[in-house]
Structures are given as C-alpha cells and as structure tokens.
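These are the residues of each chain, in order.
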Amino acid sequence: MSTHRIRAVVRKEIREFRRNRFVIGTMALLPLIFLITPMLTIFKVPESASGPQVRAAVGTISLLMLIIPVVLPPVIAAYSVVGERDQGTLEPVLTAPVRASELLVGKAAAAFLPSVGLAYAIYVIVLIIVRLGAAHVVVDVVWHLPQVLAQLLFTPLLALWSIWLGIGISTRVSDVRVAQQLATLAGLPLLGFTSLISFQLIKPSVPLAVGLALALLVVDVVAGRVVARLFDPERLITGRK
Amino acid sequence: MGVVRVEELVKRYPKAQVNAVDGVSFEIEAGEVFGLLGPNGAGKTTTVGVLTTRVRPTSGRASIDGVDVVTDPVGVRRQLAVVPQRSNLDRSISIRDNLIFHAAYHGVPARVREARADELLEQFGLADRSDARPDFFSGGQSQRVMIARALMHRPKVLFLDEPTTGLDPAARLFVWDRLRELRDAGVTLLLTTHDMHEAAALSDRVGIMDRGKLLALDTPEALMRSLAGETTLELAADEPADGTLADALAALPGVQRVERLQGSPEDGDAFRVRLYLAGDAAPLVAPAAAALAEQGLALNDVRFGTATLEDVFINLTGRSLR
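Just so you know, these numbers come straight off a predicted model, no measurement behind them.

### Some thoughts on the pairing of strand S10 (residues 213-218) of chain B
Residues and elements named next belong to chain B.
Piece 1. The pairing of strand S9 (residues 205-210) with S10 spans five bridges and is antiparallel. Note that in S10 the partner of Ile208 across the bridge is Ala216.
Piece 2. Joining the antiparallel neighbours S9 and S10 is a turn of two residues, in which Arg211 adopts a positive phi near 50°.

Below you can see the structure in the form of structure tokens.
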C-alpha cells in the first residue's frame, strides 16, 4: 500500500469536510445535546450518595461517552462509497492507480480522525467539568484509572468498527439515506457491550480494558478485510449485481 | 505492437443471457485516434470498461502499453485517463483542486502538480476560474476541466466518451483542436461516440460494434468506400400504390442499393428513398423520374450526396431502435 495515495484520499475527504462544515458541526452537536441531562443529574449527586446511586449516574455518562464513537462515524462512513457513486466522483478514483485497499483505508481514516477527535474532545470536556463541579464520590468513579483507560482505548476501536460497518454497507446499497440508517442500526449491538462496562456490570480493570481492547482490535482488522472483499468496483460502476 | 491491444475479448455480466462483448480483437497504435462506434448496448462501454480496468473480462486479453488489465490493473491505470460524457468533477472542491487531487492519486509530486494544474488551466482557458467550484459550470467548461484533469499525469492513452455531446459549436471546435494537439503530441486517443461527423473528423481509424461484436474496422474513408455505392441520389414522391416502385428503382442501371427513408407527408413526400450508386448520380435522375411517372407519381424532391460514415453505420447496425 502506498502511504502517498492513502494520504491523498484522506486529504481530499478532509478538504470536503472543511468546505462543508455542517457535516462535522452537526456531528458534534447531537452528542453534546444528549449530554446535557445526564450532566445535570451527575451534579445533583450528593457526597453522601450510595455506591449504586453514583454508579447509575456515572454509568449513563460513561455509556454516552462510548456511544459517541459508535454513532458519529456512520454519518461520514456510510456516505463514503455510495455517496461518491451518486455524485459520480467515485469513478475518477477507480480509474486512478489507487488500490481498493488504499481507497478504503483512506476513507476509513478520513472518517476516523474527526469522529475520534470529537469523541475525545467531548470526553476531556466532561472529565474537566466533573473534576471542577461534581461531588468527590462522582469524581472518584469518573477519574478511576481503569475507567479512563477503557474509554481511551475503546473510543478509537469502537469508532473503527463502526466505520468499517458504515463503509461495508455503503459498498452494497444504492442509496445514501439507506446506508446511513443501516450503518447506525448496525452499530446498536455494540451498545450492549458498552453498557456492561459503563454500568460496571463488568468491573473495569486495567488488564480487562487492555484485553477487551485487543479483542476489539482483532475484530476491526477482520472487519477491514471483509469490507475490502465487499468492495467491487465493477458492480459500483456498472450497477450490475 | 499496438499501445492498446484487445484479443478475443469476451465479457458476460452475471445473470446475462448474452455476451456484452463477444470475441472482440483490435489494436491501436501509439498516437492514433481510434473511434469506437455502435448503437446503445453494442458493447463499446464494456470494452472501454475492460481497458480501463473497471470491468473484469470473462475471457480474452486486453493490455495497455504491454501491461495486462487483469494481472496489473494499477499499472494499467498509470498509463491512462478517462474523460466521461457527463461531468464527474467533485463539486465540493475547486476545479484547481480537482486537478491537483487527481495528480496526487497518480503520485505526481506536490510542486509539479501545482505548476501543471496552473499550466493546464491556462491552456484550457480556465485560469481566471481556477478557484471556482464546478457547480455552475456549463457543459463545455466542465468538459474542458475534465480533459485538463485527465492530462495532469501525462497519460499515454486517453479514453473519451462522447467528448462533445451537448456542446455548442465553438466549444466543440475548441475541444477538437485540443484533441488534435494531443494526438500530435503522441497521446493515443480512443473515442466512443454516436456523432459520426465527429468520428469521421477526428479518427484515424474507426471500429463499428454491434451486439458485442466488432463489425468493421478501417479508416473512415475506406469504410465509406466499402459501402455499396459511393454517391447517393435521394428522391421524394407521394406514396406509391404498391411496393413495386422500390424494385423498379433498384433495377435502374448503376443502382447498387436502395434504402427506404422516413418521408414527410406534410411536405407531400410520403415516399422517400435513397439510391446508392456506383457512379455519377445526375444521369439517373431522368430514368428515376420516368419510373415514378409509370406509377402516376411526380418527383417532388431530388438530393445528391455521397455516402457518409453514418450510412456505413446504419448499413451495418440497422435503423431499428434498441
């Protein structure tokens, strides 16, 4: 694979986002709105709150933090192939000496960077706000090292999984709207996984976080390979199945 | 050896009953302009699709500059560029960026692609609009941008699909001039077109396809000469009572072929026919008028002409709509 060509694909995609700032702007807005109520709840938790009370309040926030990298990328990833095909702009890339793998990695990276960037930015903001204003019992749970590590490790890996789902669906459907809806729906099963950690039904620990992260990494690699197999330029160009 | 080689190429799409391309072979020499003609569904687009690595052949071989389209598609794509009929410019970025990103995909170094983009935009009369996005570009302007984009990586072979369809005469002549310059610079051009005038004006050789097969391949002049009858005589009259008139005209001396055309009853010429002749058409007007008179019909209109590439095309592929 040529890093030059992958960089060219990424740069072009990012240039499009910069030209059309609504894409990223609206991506960031939705999770921020969803965070308002749980954040207000967290600030109402008193110092005397019991363990389950604290876990319930923090769990909602943690869940949202892990949902963000799952729900943000489909907006971009699901558009990446079928949207370009609709616009007619996929064809020039397919007649350039860009390998399918380079194109897919480039598109995945272009969806990955803003999604993970936003997810981390929102997480850091939440960490800071909690540190500054929440009760100590809440701060202790939110700033618990395994919890933070899990968040930092899982965010990019969940985002990548969601991106491969989005791109995979985008290579097979013929309508951008369908691709985005399906990609969002397909990401939902991950909520079960994230809920187990967010509500500490699986007690987070450093070895567990690292182990699960490695498992997710394997899943991401396999997903990337599956998507590469699904990508069929002839079908995309001719529309014949 | 030709820069473009196609040998016994076959393509059958999944679930299709017939081959879209059915045993086609041809070669195109470096610096040649090759016109690929055919009605809709003839197999032109699929043939070009295979040559540009977008369609996988079912069997046979195709190569560009000796590089096989199946075994090294990326190597093939380095040698070629495609200019489609409809704009496929990226509307979210400027036309200059369209050129620059295309060159980046081809691995042209940053400094070179910047300079080359400016040079080509100047050459194609687009320098003053280089930062504009192509949203509101006319068909002619978009076509110029797409040709400029295609030249960013200095391709050896340029594929053009209906390069001037929908363009005004000035834009068409501009594009033709640029294409001739490219040919003079040694770029091989393969055009697929329905415009016979364009094919005859630009092409060194023409291939005519239908139903997946290559029916004819030669220079436009040789193809026109090959048609039975080099000169034509077109006659118009009222509708004859029976079908014997066409036979009577076909029996006239020097008539090699008779083709019934669509008449215009409003203009009083419900019967219109074109005679393809071996020699001069003028001496045949009187015998033709006499043949009409025998059936009680007056000669309403007479037109002299020569066989065109369109006549060759119609003769080979027929008049029926697909």
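### What about the confidence of the model for chain B?
Piece 1. Residues of chain B with pLDDT of at least 70 account for 96%, and the chain-wide mean is 88.
Piece 2. The ipTM, which scores confidence in the relative placement of chains, is 0.79 for this predicted complex, and the corresponding pTM is 0.80.

### Description of the interface of chain A and chain B
Piece 1. In this complex, chain A contributes 25 residues to the contact, which on the side of chain B involves 24 residues.
Piece 2. The set of elements that each furnish at least two residues to the side of chain A that touches chain B consists of helix H1 (3-19), helix H6 (90-94) and helix H13 (233-238) of chain A.
Piece 3. In terms of residue count, the dominant contributor to the side of chain A that touches chain B is H1 of chain A (seven residues).
Piece 4. Among the residues making up the side of chain A that touches chain B, the classes are represented as nine nonpolar, six polar and 10 charged.

### Some thoughts on helix H5 (residues 139-150) of chain B
Residues and elements named next belong to chain B.
Piece 1. Its 12 residues place the ends of H5 16 Å apart at the C-alpha level, agreeing with the 16 Å of an ideal helix rising 1.5 Å per residue.
Piece 2. With nine of its 12 residues buried, H5 lies for the most part within the structure.
Piece 3. Within the sequence span of H5, burial applies to Gln141, Gln143, Arg144, Val145, Met146, Ile147, Ala148, Arg149 and Ala150.
Piece 4. If you follow the buried residues of H5, they end up packed against strand S6 (80-83), helix H3 (95-105), helix H4 (110-123), strand S7 (157-161) and helix H6 (169-184).

### Some points on unusual backbone geometry
Residue and element names in this part refer to chain B.
Piece 1. In this structure, Arg154 takes a positive phi of about 50° despite not being glycine.
Piece 2. Positionally, Arg154 belongs in the loop between H5 and S7.
Piece 3. Judged by the 14 C-beta atoms lying within 10 Å of it, Arg154 falls in the partly exposed class.
Piece 4. In the Ramachandran plot, Arg211 falls in the positive-phi region, its phi being about 50° despite a non-glycine side chain.
Piece 5. Relative to the helices and strands, Arg211 is located in the loop between S9 and S10.
Piece 6. Here Arg211 falls in the partly exposed class, since 17 other C-beta atoms lie within 10 Å of it.

The rules behind these values
Residues numbered from 1 in each chain as written. Chains lettered and ligands numbered in written order. Predicted model: local features only at pLDDT ≥ 70, side-chain atom pairs only at ≥ 80, totals over all residues. Pairing = 2+ DSSP bridges. Helix = DSSP H or I, 4+ residues; strand = E, 2+ residues; numbered from the N terminus. pLDDT = per-residue confidence, 0-100. Contact = placed C-beta atoms within 7 Å. Nonpolar A, V, L, I, M, F, W, Y, C, P; charged D, E, K, R; others polar. Expected span 1.5 Å × (residues − 1). Buried ≥ 20, exposed ≤ 12 C-beta atoms within 10 Å, placed from the backbone.

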